[in-house]
Amino acid sequence: MLRGIKPLYCLIAATASAVLAFGLYHVHSFSGVTEGGVLGMTLLLQRWFALSPAISGFILNVACYALGWRVLGREFVVYSAVSTSSFSLAYAIVEQFPPLWPQLYEMPLLAAVLGAAFVGIGAGFSVWVGGASGGDDALAMAVSHLTKWPIQRVYLLTDLTVLGLSLTYIPLSRLWYSLLTVVLSGQIVGWIQHIPLPDGGKKEQSDGNHPRQ
């Protein structure tokens, strides 16, 4: 184990990413409600090219982490690598089974709220221990560092870009629910960051600096 890397934090990051993968498959993939950022892009690529998020998520996240390497600390990168690997493995497993709630397509408001809960909790607890379940954070930090834009603006720009592209397969009437799930999941991530870490650890990477906070 690398110096400074805590096994408990790795376990939390891996578990949180598995929760995220479960929600992304069982809620977002079949409800017509999508996400912004890298998560939304994986769903977009799945619709356009039938490319599994287990593959596209891993590739996109690695690219984002490579871009943001110079502005990220070593611990952030390690925990993020754990989260990304866990997400891809968990998604590859859950997609072997039929959806639990196929009726969610007819209940977009419920899907938006339920999807936001899975994304917010899954991504939130990964960030909580100092990593990221997706490459959104790495990308936003890198772009913010290069452009000097506030990181919140960068994150919003990536979300809106992906949601705009999602109009190629999601009707505008349903995209409003996607906007709702993006906002709600961001709030949940922010709330989780105020929970004290186990063993009194410091949240140097995420506390007060997370783009969704």
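Residues numbered from 1 in each chain as written. Predicted model: local features only at pLDDT ≥ 70, side-chain atom pairs only at ≥ 80, totals over all residues. Heavy atoms only, no water.

Overview of the side chain of Ser52
Here is step 1: Tracing the chain through its elements places Ser52 in the loop between helix H2 (37-49) and helix H3 (53-67).
Here is step 2: Assessed through its relative accessible area of 16%, Ser52 is described here as buried.
Here is step 3: Side-chain polar atoms of Ser52 contact the backbone nitrogen of Ala54, separated by 3.1 Å.
Here is step 4: Looking at Ser52, its side chain comes within polar contact range of the side chain of Glu95, at 3.1 Å.
Here is step 5: Setting aside its immediate chain neighbours within four residues, Ser52 contacts Tyr91 and Glu95. (Helix = DSSP H or I, 4+ residues; strand = E, 2+ residues; numbered from the N terminus. Buried < 20%, exposed > 50% of the residue type's maximum accessible area, 1.4 Å probe, protein only. Polar contact = N/O pair within 3.5 Å; in protein donor to acceptor, adjacent residues only side chain to side chain. Contact = heavy atoms within 4.5 Å.)

Thoughts on unusual backbone geometry
Here is step 1: Phi at Ala50 takes a positive value of approximately 55°, unusual for a residue other than glycine.
Here is step 2: Relative to the helices and strands, Ala50 is located in the loop between H2 and H3.
Here is step 3: Assessed through its relative accessible area of 67%, Ala50 is described here as exposed.

Looking at the packing of H2 against H3
Here is step 1: Between H2 and H3, whose axes approach to 9 Å, the crossing angle comes to 135°. On the basis of the axis angle, H2 is oblique to H3. The hand of the H2/H3 crossing is right-handed. Contacts from Val38, Met41, Thr42, Leu45 and Gln46 in H2 reach Pro53, Ser56, Gly57, Leu60, Asn61 and Cys64 in H3.
Here is step 2: Grouping the constituent residues of the contact of H2 with H3 by class yields six nonpolar, five polar and no charged. (Axes fitted to C-alpha atoms, helices over the stretch in contact; angles between N-to-C directions. Parallel < 35°, antiparallel > 145°, perpendicular 65-115°, else oblique. Left-handed = near helix turned anticlockwise from the far one by under 90°. Nonpolar A, V, L, I, M, F, W, Y, C, P; charged D, E, K, R; others polar.)

So, the environment of Ala111
Here is step 1: Residue placement: Ala111 occurs in helix H5 (residues 108-128).
Here is step 2: Residues Ala111 and Trp101, 10 residues apart in the sequence, show an inter-C-alpha distance of 9.5 Å.

Some points on the packing of aromatic side chains
Here is step 1: All chains considered together, the criterion is met by eight aromatic pairs.
Here is step 2: Here Tyr9 and Tyr79 contribute two aromatic rings whose centre-to-centre distance is 6.0 Å and whose plane-to-plane angle is 55°, an arrangement assigned as tilted. One end of the pair, Tyr9, is in helix H1 (residues 7-31); the other, Tyr79, is in helix H4 (residues 74-94), and 70 residues separate them in sequence. Take Tyr9 and Tyr79: they sit in the same class, and that class is buried.
Here is step 3: Here Tyr25 and Tyr91 contribute two aromatic rings whose centre-to-centre distance is 5.7 Å and whose plane-to-plane angle is 90°, an arrangement assigned as edge-to-face. One end of the pair, Tyr25, is in helix H1; the other, Tyr91, is in helix H4, and 66 residues separate them in sequence.
Here is step 4: Aromatic rings pair up to connect Phe22, Trp101 and Phe118 into one cluster. (Phe/Tyr/Trp six-rings, centres within 6.5 Å; stacked < 30°, edge-to-face > 60°.)

Some remarks on the confidence of the model for the protein
Here is step 1: The share of residues in the protein with pLDDT of 70 or more is 84%, and the mean pLDDT across the chain is 79.
Here is step 2: Counting interchain partners and residues more than four positions distant, the pLDDT-below-50 stretch residues 204-213 has 30 contacts. (pLDDT = per-residue confidence, 0-100.)

Some words on the packing of H1 against H2
Here is step 1: Running from amino to carboxyl end, H1 crosses H2 at an angle of 50°, the nearest separation of the two axes being 12 Å. As far as their axial angle goes, H2 and H1 are oblique. The crossing of H1 and H2 is right-handed. Of H2, the residues touching H1 (which contributes Leu20, Leu24, His28 and Ser29) are Leu39, Thr42, Leu43, Gln46 and Arg47.
Here is step 2: Residue composition of the contact of H1 with H2, grouped by class: four nonpolar, four polar and one charged.

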